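A closer look at the structure
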Amino acid sequence: SLTITIGLGYGAFAAAKRVQQWPLAYEEIPAFDVDRLEPRWSGGDLALKISDNAVTKKTKALRELVKDAQPFAERIWQQSGWHVQPDVRPGESARNLFGFKEGAGNPTPGTRDFATTVWNDGATQPWFAGGSTMAVRRIRMNLDLWDQVPPLLQESTFGRHVINGAPLGGTSEYQKPDFQLRDGKGELVIAADAHIRRAEAKRNIFRRPFNYDDGVMADGTPDTGLLFIAFGSDIDRFVGIQAALATKDALNVWTTPVGSAMFVIPPGAAAPGNWVGETLFA
């Protein structure tokens, strides 16, 4: 189950004198008012996303790749998280550290929706056909404050029921939220600033969220949160969603983005003997 995803930042294109072939409108994710970005978790020219259910195998793959990259690369950050949880039943999403499910509404791999969401068609840069983009955001969660919030307010903040992940007013996790639904008093069932309303977008992204727990910081508060990774055919989709969340998302009271990075994912190797990035660098 080992997978390794390779990403290239704008700096890699600059170093290779290929900036004219950079396929995106941004060199990096724009900063938002809610951001409190720390350099130790941000930026980068080359990204390696290593995933596996077995921690030992994943760690060994990381060591081999870092060793091989030492002649030409310097590690500026390394972040670890977990996604697959043994207590999650098939067909259900894992939970974040706030206790709510993550991933409802994701396009299903193997479908046309997934293909159009994730893979670039090469219209802007022919070499990029079949490639994707990867946004990485390190979002610190204030668990000490969140644990003091009444459950009903927690659900109102997310716009979902904590027990089954269903949108408020719904009954199942993957049910489409009804943003027009009102209660007996005429109030919106899913509040105007609820997280799922602010994150709603006509053009989807494929989300890969990973929980992290790095102990405590110098002031004694937990260094815990979400490594939010999103794939899309173009970074504009992700930037648009983040702009909406930064403006009026009720969840911003308990979350702080402290890391941000953006990478282009080259198309995979076309056949045995080919290599990743060949359409760009060959």
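A short tour of the structure in this document, coming up. These numbers come from a predicted model, not from an experiment. (Residues numbered from 1 in each chain as written. Predicted model: local features only at pLDDT ≥ 70, side-chain atom pairs only at ≥ 80, totals over all residues. Heavy atoms only, no water.)

**Brief notes about the environment of Ile6**
By the element assignment, Ile6 lies in strand β1 (residues 3-8). Sequence separation of Ile6 and Asn106 is 100 residues, and the distance between their C-alpha atoms is 22 Å. Among all residues touching Ile6, those that are not within four sequence positions of it are Leu46, Ala47, Leu48, Val264, Ile265, Pro266 and Val276. (Helix = DSSP H or I, 4+ residues; strand = E, 2+ residues; numbered from the N terminus. Contact = heavy atoms within 4.5 Å.)

**Looking at the layout of surface pockets**
Reported here for the largest pocket is a volume of approximately 1,400 Å³. At the level of elements, β1, α1 (10-15), β2 (46-51), α2 (55-69), β3 (132-141), β4 (206-216) and β5 (222-232) are the ones that each hand at least two residues to the lining of the largest pocket. Ranked by residues supplied to the lining of the largest pocket, first place goes to α2 with seven residues. A breakdown of the residues in the lining of the largest pocket according to their chemical character gives 24 nonpolar, 14 polar and seven charged. Reported here for the second largest pocket is a volume of approximately 920 Å³. Along the walls of the second largest pocket sit 42 residues, with Ala104, His195, Ile196, Ala199 and Arg207 positioned nearest its centre. Put simply, the parts of the chain that give the lining of the second largest pocket at least two residues each are β3, α6 (195-198), β5, α7 (235-248) and β6 (255-265). (1 Å grid on protein atoms, 1.4 Å probe; cavity = no way out; pocket = protein on both sides within 12 Å on 5 of 7 lines; lining within 4 Å. Points joined across faces, edges and corners; volume = space filled by probe spheres on them. Nonpolar A, V, L, I, M, F, W, Y, C, P; charged D, E, K, R; others polar.)

**Examining α2**
Between its first and last C-alpha, α2 extends 21 Å over 15 residues, near the 21 Å set by a 1.5 Å rise per residue. For α2, the set of buried residues is Ala61, Val66 and Ala69. Considered in projection along α2, the buried side chains sweep an arc of 130 degrees and stay on one side of the axis. (Expected span 1.5 Å × (residues − 1). Buried < 20%, exposed > 50% of the residue type's maximum accessible area, 1.4 Å probe, protein only. Arc of directions from axis to C-beta.)

**A short note on the packing of aromatic side chains**
Counting across every chain of the model gives 13 aromatic pairs. Ring geometry for Trp146 against Phe158: centres 5.9 Å apart, planes inclined by 85 degrees, an arrangement best described as edge-to-face. Taken as a pair, Trp146 in helix α4 (residues 143-146) and Phe158 in helix α5 (residues 151-158) lie far apart in primary sequence, 12 residues in all. An aromatic cluster is defined as three or more aromatic residues linked by ring pairs; in this entry it consists of Tyr10, Phe13, Trp22, Trp127 and Phe128. (Phe/Tyr/Trp six-rings, centres within 6.5 Å; stacked < 30°, edge-to-face > 60°.)

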